[in-house]
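Structural overview for review
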Amino acid sequence: MADVYVLIFAPGGATAKAALEPLGAGRGLAQALNAKLVGVVVGAGADAAVEAVRRRADAVVHVSGDALQSYDVDAFTAAAQQALEGRDARVVLALADSIGREVAPRLAARLGGSPLTEISDVAVEDGRPVFSRPVFGGKAVAKLVGRRDPVVATVKAGAFEAPAEGQAEAAVETLTAAAVEPSVEVLGREAAPQTGVPLDAAPVVVSGGRGVGGPEPFQNELKQLADLLGGAVGASLAAVDAGWVPQSYQVGQTGTAVAPTVYIAVGISGASQHLAGISGAKHVVAINKDKEAPIFRVAEVGLVGEWKPIVDALVKALQAGK
Ligand SMILES: Cc1cc2nc3c(=O)[nH]c(=O)nc-3n(C[C@H](O)[C@H](O)[C@H](O)COP(=O)(O)OP(=O)(O)OC[C@H]3O[C@@H](n4cnc5c(N)ncnc54)[C@H](O)[C@@H]3O)c2cc1C
């Protein structure tokens, strides 16, 4: 019977915060298709990931080996292909993070399947898996069906919840990754300076837009608020284009997609391209002096007014509560 596979990438054992979320999409699909949910963990030293997947899937395949100590697109694509070879996969899902976005389409090509990207929902209609993905910056939703199996799809972070942990009953099959000649030689790796919580893993994101008026609030008020909430500072494209913050701060369609519990938009109008990056946020709070600003259509809590006194009051209240 054709089964549902979920890839979990764990170079050197490290996984993305949202790595288990595609298992939630996979579980629903497997149930509707009366199929098995198989977790495929790709990475060396990934015992913790294997254990986490064992508690949520019906079976686990773990591909390990020296080549999977750190991420390399050729090695990880080949290892995923090795894990799926000879198996009857109908659907293969992977998180739409930097690794999933590189590996999934290559894997679809190698398996002769259908690549789909950034899916946010999936259902079974007339026995066929139907995938939804936001298009036109989130203004519309496309419904897609793969013409060739397996469908290899990346799953938007925040679109699904990881299944609840069960008993570790799934059998684990371990494979050793075959040697692969990398097509690119890595001359060196330099870690980017990391200040605070990374944007795509932050439980709270405080983003500033053109309305905050300059670079200083990102260093002062917005940072202070984010720090008090254990979160990260983000920005709209307008703030990045103005040179107030580096591009790494940008949230949206062409920036980082975030999935925090709380997203606080300060002086951001709420253009569709910005909203495309926050669809995974559980709660949106907007601070804007224009009560007609589109951001209020997606905000659960809207504060209409000048941003500075509002943010100062929030900071003061949080400091008093500490
Ligand atoms: C192909 C493409 C891709 C794009 N990708 C992205 C993307 O990834 N991310 C992104 O953000 N944008 C993206 N954009 C740009 C997007 O369309 C908007 O131009 C941008 O998001 C606007 O940024 P903003 O909300 O900060 O600025 P504005 O739209 O200028 O909004 C500023 C807001 O601040 C409010 N304001 C002003 N002063 C104050 C004050 N003192 N107190 C409180 N509120 C105040 C105003 O009422 C206004 O609503 C993209 C555009 C295109 C065409």
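The sections below set out a description of the structure shown in this document. (Residues numbered from 1 in each chain as written. Predicted model: local features only at pLDDT ≥ 70, side-chain atom pairs only at ≥ 80, totals over all residues. Heavy atoms only, no water.)

A word on the pattern of salt bridges. Within this structure, the stated rule accounts for 12 salt bridges. Residue E51 is joined to R55 by a salt bridge in which the shortest nitrogen-to-oxygen separation is 3.5 Å. Of the residues examined, R55 reaches a relative accessible area of 27% and is grouped as partly exposed. We note a salt bridge from K308 to E221, for which the minimum N-O separation is 2.9 Å. Of this pair, K308 sits in helix α10 (residues 307-321) while E221 sits in helix α6 (residues 221-228), and the two are 87 residues apart along the sequence. Among the charged side chains, a salt-bridge network with shared partners connects E51, R54 and R55. (Salt bridge = Lys/Arg side-chain N within 4 Å of Asp/Glu carboxyl O. Buried < 20%, exposed > 50% of the residue type's maximum accessible area, 1.4 Å probe, protein only. Helix = DSSP H or I, 4+ residues; strand = E, 2+ residues; numbered from the N terminus.)

Let's shift gears to helix α3 (residues 73-84). With 12 residues, α3 extends 17 Å from end C-alpha to end C-alpha; this agrees with the ideal 16 Å at 1.5 Å per step. In terms of burial, α3 is a largely internal element, 11 of the 12 residues being buried. Here α3 has its buried residues at V73, D74, A75, F76, T77, A78, A79, A80, Q81, A83 and L84. Against the buried residues of α3 lie β1 (3-9), β2 (37-42), β3 (59-64), β4 (89-95), α4 (98-111) and β10 (171-176). Where α3 begins, the side chain of D72 points an oxygen toward the backbone nitrogen of D74, at a separation of 3.1 Å. Positioned one or two residues after α3, G86 has a phi angle of 80°, which is positive. (Expected span 1.5 Å × (residues − 1). Contact = heavy atoms within 4.5 Å. Polar contact = N/O pair within 3.5 Å; in protein donor to acceptor, adjacent residues only side chain to side chain.)

Around the ligand sit 24 residues in total, of which R210, S236, Q250, T254 and S269 are the nearest. Take R210: an N or O atom from its side chain is 2.6 Å from an oxygen atom of the ligand. At a separation of 2.7 Å, a nitrogen atom of the ligand approaches a polar side-chain atom of T254. The protein chains hide 74% of the 990 Å² of surface that the ligand would expose on its own. Elements with a minimum of two residues in the shell around the ligand: α7 (237-241) and α8 (272-275). Residues that form the shell around the ligand fall into these classes: 6 nonpolar, 14 polar and 4 charged. (Near = heavy atom within 4 Å. Areas by Shrake-Rupley, 256 points an atom, 1.4 Å probe, with all protein chains shown as cover. Nonpolar A, V, L, I, M, F, W, Y, C, P; charged D, E, K, R; others polar.)

Now for the sheet that holds strand β8 (residues 140-144). Pairing is antiparallel across the open sheet formed by 3 strands, whose spatial order is β6-β7-β8. One side of each edge strand has no neighbouring strand; the edge strands of this open sheet are β6 (121-125) and β8. When strand polarity is set aside, the average angle formed by the axes of neighbouring strands in this sheet is 30°. Two elements, β6 and strand β7 (residues 128-135), share 5 bridges in a ladder whose sense is antiparallel. Bridged to D121 within β7 is S132. Against the sheet, helix α1 (residues 21-33) touches β6 and β7, its axis set at about 0° to β6. (Pairing = 2+ DSSP bridges. Axes fitted to C-alpha atoms, helices over the stretch in contact; angles between N-to-C directions.)

Before going further, it helps to examine the sheet that holds β1. Ordered by their spatial adjacency, 7 strands build an open sheet running β5-β9-β4-β1-β2-β3-β10, and the pairing between neighbours is parallel. On the outer flanks of this sheet lie β5 (114-119) and β10, each paired with one strand and no other. With direction set aside, neighbouring strand axes in the sheet form an average angle of 20°. Pairing of β4 with strand β9 (residues 151-155), which is carried by 5 bridges, proceeds in the parallel orientation. When the sheet's bridge partners are listed, V91 is paired in β9 with V151. Helix-sheet contacts for α4 involve β1, β4, β5 and β9, and the interaxial angle to β9 is about 170°.

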